[in-house]
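# An overview of the molecular structure
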Amino acid sequence: MDSASNGIQEPFDLIRLSLSERVFVKLRGDRELTGVLHAYDGHMNLILSDVEETIMIVDQVEGVSEGHTTVNIAKRKMEMLFVRGDGVILVSPPSRG
Amino acid sequence: MDESTPPPPPAAPAEPSPPPPPSTFGSPTDFLKCSGQTRRGILSCLDGYMNIAMEQTEEHVNGRVTNSYGDTFIRGNNVLYISAAEPL
(Lines give C-alpha, C1' and ligand atoms only; values in the text may rest on other atoms or scores of the structure.)
Protein backbone atom coordinates (compact mmCIF):
# COMPACT_ATOMS: atom_id res chain seq x y z
CA MET A 1 0.00 0.00 0.00
CA ASP A 2 1.12 3.52 -0.66
CA SER A 3 0.73 4.64 2.93
CA ALA A 4 3.03 1.88 4.09
CA SER A 5 5.75 3.11 1.78
CA ASN A 6 5.43 6.58 3.33
CA GLY A 7 6.03 5.10 6.77
CA ILE A 8 2.53 6.12 7.91
CA GLN A 9 0.85 3.47 10.02
CA GLU A 10 -1.38 5.76 12.06
CA PRO A 11 -2.63 9.28 11.45
CA PHE A 12 -0.31 10.83 14.03
CA ASP A 13 2.67 9.62 11.98
CA LEU A 14 1.73 12.27 9.45
CA ILE A 15 2.10 14.91 12.16
CA ARG A 16 5.32 13.38 13.50
CA LEU A 17 6.86 13.62 10.03
CA SER A 18 5.89 17.31 9.92
CA LEU A 19 7.79 18.37 13.06
CA SER A 20 10.03 21.39 12.37
CA GLU A 21 8.16 21.96 9.12
CA ARG A 22 5.71 24.69 8.17
CA VAL A 23 2.18 23.33 8.44
CA PHE A 24 -1.29 24.58 7.59
CA VAL A 25 -3.86 24.23 10.37
CA LYS A 26 -7.59 24.71 9.91
CA LEU A 27 -9.41 25.66 13.09
CA ARG A 28 -12.98 25.98 14.24
CA GLY A 29 -14.48 29.43 13.87
CA ASP A 30 -13.23 30.04 10.30
CA ARG A 31 -9.63 30.43 11.35
CA GLU A 32 -6.53 29.15 9.65
CA LEU A 33 -2.92 29.10 10.76
CA THR A 34 0.36 28.52 9.09
CA GLY A 35 3.43 28.08 11.23
CA VAL A 36 6.39 25.91 12.06
CA LEU A 37 5.33 22.90 14.12
CA HIS A 38 7.45 22.36 17.22
CA ALA A 39 5.43 19.98 19.33
CA TYR A 40 2.08 18.23 19.55
CA ASP A 41 0.32 15.73 21.79
CA GLY A 42 -2.50 13.26 21.58
CA HIS A 43 -5.13 15.99 21.92
CA MET A 44 -3.54 17.74 18.94
CA ASN A 45 -2.49 20.59 21.21
CA LEU A 46 0.15 22.26 19.09
CA ILE A 47 3.14 24.53 19.62
CA LEU A 48 3.77 26.64 16.54
CA SER A 49 6.27 29.41 15.89
CA ASP A 50 6.40 32.14 13.24
CA VAL A 51 2.62 31.90 12.94
CA GLU A 52 0.28 33.74 10.63
CA GLU A 53 -3.39 33.52 11.56
CA THR A 54 -6.09 34.16 8.96
CA ILE A 55 -9.59 34.90 10.25
CA MET A 56 -12.49 34.79 7.79
CA ILE A 57 -15.27 37.11 8.93
CA VAL A 58 -18.42 36.39 6.94
CA ASP A 59 -21.05 39.14 7.04
CA GLN A 60 -24.52 38.12 5.91
CA VAL A 61 -26.24 41.01 4.14
CA GLU A 62 -29.54 41.70 5.86
CA GLY A 63 -32.75 40.95 3.92
CA VAL A 64 -30.95 39.35 1.00
CA SER A 65 -31.15 35.70 0.11
CA GLU A 66 -28.37 33.34 1.01
CA GLY A 67 -25.23 33.67 -1.03
CA HIS A 68 -24.99 37.45 -0.71
CA THR A 69 -22.25 37.57 1.85
CA THR A 70 -19.13 39.61 2.16
CA VAL A 71 -16.03 37.94 3.50
CA ASN A 72 -13.52 40.05 5.34
CA ILE A 73 -10.14 38.55 6.00
CA ALA A 74 -8.11 39.56 9.01
CA LYS A 75 -4.54 38.45 9.42
CA ARG A 76 -2.15 38.65 12.31
CA LYS A 77 1.25 37.30 13.11
CA MET A 78 2.52 35.74 16.29
CA GLU A 79 5.98 34.63 17.25
CA MET A 80 4.97 31.63 19.31
CA LEU A 81 1.57 30.05 19.78
CA PHE A 82 0.00 27.26 21.79
CA VAL A 83 -3.10 25.88 20.06
CA ARG A 84 -5.62 23.97 22.15
CA GLY A 85 -6.31 20.69 20.43
CA ASP A 86 -10.09 20.77 20.47
CA GLY A 87 -10.11 23.68 18.03
CA VAL A 88 -8.19 21.78 15.39
CA ILE A 89 -10.09 20.48 12.37
CA LEU A 90 -7.30 19.64 9.97
CA VAL A 91 -3.53 19.75 9.75
CA SER A 92 -1.80 19.66 6.41
CA PRO A 93 1.95 19.23 6.25
CA PRO A 94 4.01 20.72 3.46
CA SER A 95 3.81 18.63 0.31
CA ARG A 96 6.88 16.50 0.03
CA GLY A 97 7.93 15.25 -3.33
CA MET B 1 -41.28 -39.31 -6.28
CA ASP B 2 -38.78 -39.95 -3.55
CA GLU B 3 -36.36 -37.16 -4.26
CA SER B 4 -34.16 -37.85 -1.26
CA THR B 5 -30.99 -36.59 -2.83
CA PRO B 6 -29.48 -33.83 -0.76
CA PRO B 7 -29.55 -30.38 -2.21
CA PRO B 8 -26.54 -29.63 -4.35
CA PRO B 9 -23.70 -27.90 -2.54
CA PRO B 10 -23.73 -24.15 -2.86
CA ALA B 11 -22.21 -22.99 -6.09
CA ALA B 12 -18.50 -22.43 -5.89
CA PRO B 13 -17.59 -18.76 -5.80
CA ALA B 14 -16.60 -17.30 -9.11
CA GLU B 15 -13.25 -16.18 -7.76
CA PRO B 16 -10.79 -18.77 -6.56
CA SER B 17 -10.26 -16.88 -3.30
CA PRO B 18 -12.78 -14.83 -1.35
CA PRO B 19 -12.64 -11.13 -2.06
CA PRO B 20 -10.93 -8.95 0.53
CA PRO B 21 -13.19 -7.39 3.13
CA PRO B 22 -14.77 -4.13 2.07
CA SER B 23 -12.21 -1.45 2.57
CA THR B 24 -11.94 2.17 1.61
CA PHE B 25 -8.21 2.22 2.14
CA GLY B 26 -6.44 3.38 -0.93
CA SER B 27 -9.63 4.33 -2.72
CA PRO B 28 -11.30 7.72 -3.05
CA THR B 29 -13.17 8.38 0.14
CA ASP B 30 -15.78 10.90 1.10
CA PHE B 31 -16.30 12.17 4.54
CA LEU B 32 -18.51 14.83 5.89
CA LYS B 33 -17.57 17.33 8.50
CA CYS B 34 -20.35 18.42 10.84
CA SER B 35 -21.01 21.77 9.18
CA GLY B 36 -21.78 20.28 5.77
CA GLN B 37 -18.36 20.65 4.25
CA THR B 38 -17.15 17.48 2.61
CA ARG B 39 -13.59 16.39 2.22
CA ARG B 40 -12.76 13.86 -0.43
CA GLY B 41 -9.47 12.10 -0.77
CA ILE B 42 -7.64 8.84 -0.55
CA LEU B 43 -7.75 7.35 2.92
CA SER B 44 -4.31 6.35 4.19
CA CYS B 45 -5.14 5.34 7.72
CA LEU B 46 -7.29 6.01 10.74
CA ASP B 47 -7.17 5.29 14.47
CA GLY B 48 -9.55 4.62 17.33
CA TYR B 49 -10.47 8.30 17.68
CA MET B 50 -11.30 8.37 13.96
CA ASN B 51 -8.38 10.67 13.39
CA ILE B 52 -7.73 10.32 9.69
CA ALA B 53 -4.73 10.63 7.43
CA MET B 54 -5.75 11.35 3.86
CA GLU B 55 -3.96 11.92 0.58
CA GLN B 56 -4.95 14.17 -2.32
CA THR B 57 -7.59 15.83 -0.19
CA GLU B 58 -10.16 18.15 -1.71
CA GLU B 59 -12.58 20.26 0.28
CA HIS B 60 -16.05 20.59 -1.25
CA VAL B 61 -18.64 23.19 -0.28
CA ASN B 62 -21.97 23.11 -2.13
CA GLY B 63 -20.43 20.81 -4.72
CA ARG B 64 -17.56 23.13 -5.51
CA VAL B 65 -13.95 22.42 -4.68
CA THR B 66 -12.83 25.16 -2.32
CA ASN B 67 -9.45 23.90 -1.21
CA SER B 68 -7.08 21.10 -1.96
CA TYR B 69 -4.20 19.77 0.06
CA GLY B 70 -1.65 17.06 -0.45
CA ASP B 71 -1.63 15.09 2.76
CA THR B 72 -3.92 15.96 5.63
CA PHE B 73 -4.48 14.94 9.21
CA ILE B 74 -8.12 15.34 10.27
CA ARG B 75 -8.95 15.35 13.96
CA GLY B 76 -11.47 12.60 14.65
CA ASN B 77 -14.07 14.72 16.45
CA ASN B 78 -14.84 16.49 13.18
CA VAL B 79 -15.74 13.29 11.36
CA LEU B 80 -19.43 12.60 10.76
CA TYR B 81 -19.10 9.74 8.32
CA ILE B 82 -16.70 8.03 5.98
CA SER B 83 -17.91 6.53 2.76
CA ALA B 84 -16.42 5.23 -0.45
CA ALA B 85 -16.70 7.77 -3.24
CA GLU B 86 -17.05 4.95 -5.73
CA PRO B 87 -18.90 1.67 -5.12
CA LEU B 88 -16.64 -0.92 -3.53
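Preceding block: the structure.
For the structure given in this document, a descriptive report is provided here. (Residues numbered from 1 in each chain as written. Chains lettered and ligands numbered in written order. Predicted model: local features only at pLDDT ≥ 70, side-chain atom pairs only at ≥ 80, totals over all residues. Heavy atoms only, no water.)

What follows is about the environment of histidine 43 of chain A. The residue histidine 43 of chain A is located in the loop between β2 (31-40) and β3 (46-60) in this model. Between the alpha carbons of histidine 43 of chain A and arginine 31 of chain A there is a distance of 18 Å; along the sequence they are 12 residues apart. Once you skip the residues sitting within four places of it in the chain, histidine 43 of chain A turns out to touch Gly85 and Asp86 of chain A together with Arg75 of chain B. (Helix = DSSP H or I, 4+ residues; strand = E, 2+ residues; numbered from the N terminus. Contact = heavy atoms within 4.5 Å.)

This paragraph deals with the interface of chain A and chain B. Facing the 25 residues of chain A at the interface are 23 residues of chain B. Between chain A and chain B, a total of about 1,800 Å² is buried, with carbon and sulfur atoms accounting for 59% of that surface. Among the residues of chain A in contact with chain B, Pro11, Ile89 and Leu90 of chain A are the three that bury the most area, contributing 30% of the side total. Linking chain A with chain B are 1 salt bridge, by the criterion used here. At the junction of chain A with chain B, the criterion picks out 8 residue pairs in polar contact (both at pLDDT 80 or more). Sorting the residues of the side of chain A that touches chain B by element identifies α1 (2-5), α2 (11-16), β1 (22-27) and β5 (88-92) of chain A as the ones contributing at least two each. The greatest single-element share of the side of chain A that touches chain B, amounting to 5 residues, is contributed by β5 of chain A. (Buried area = accessible area lost by both parts, 1.4 Å probe. Salt bridge = Lys/Arg side-chain N within 4 Å of Asp/Glu carboxyl O. Polar contact = N/O pair within 3.5 Å; in protein donor to acceptor, adjacent residues only side chain to side chain.)

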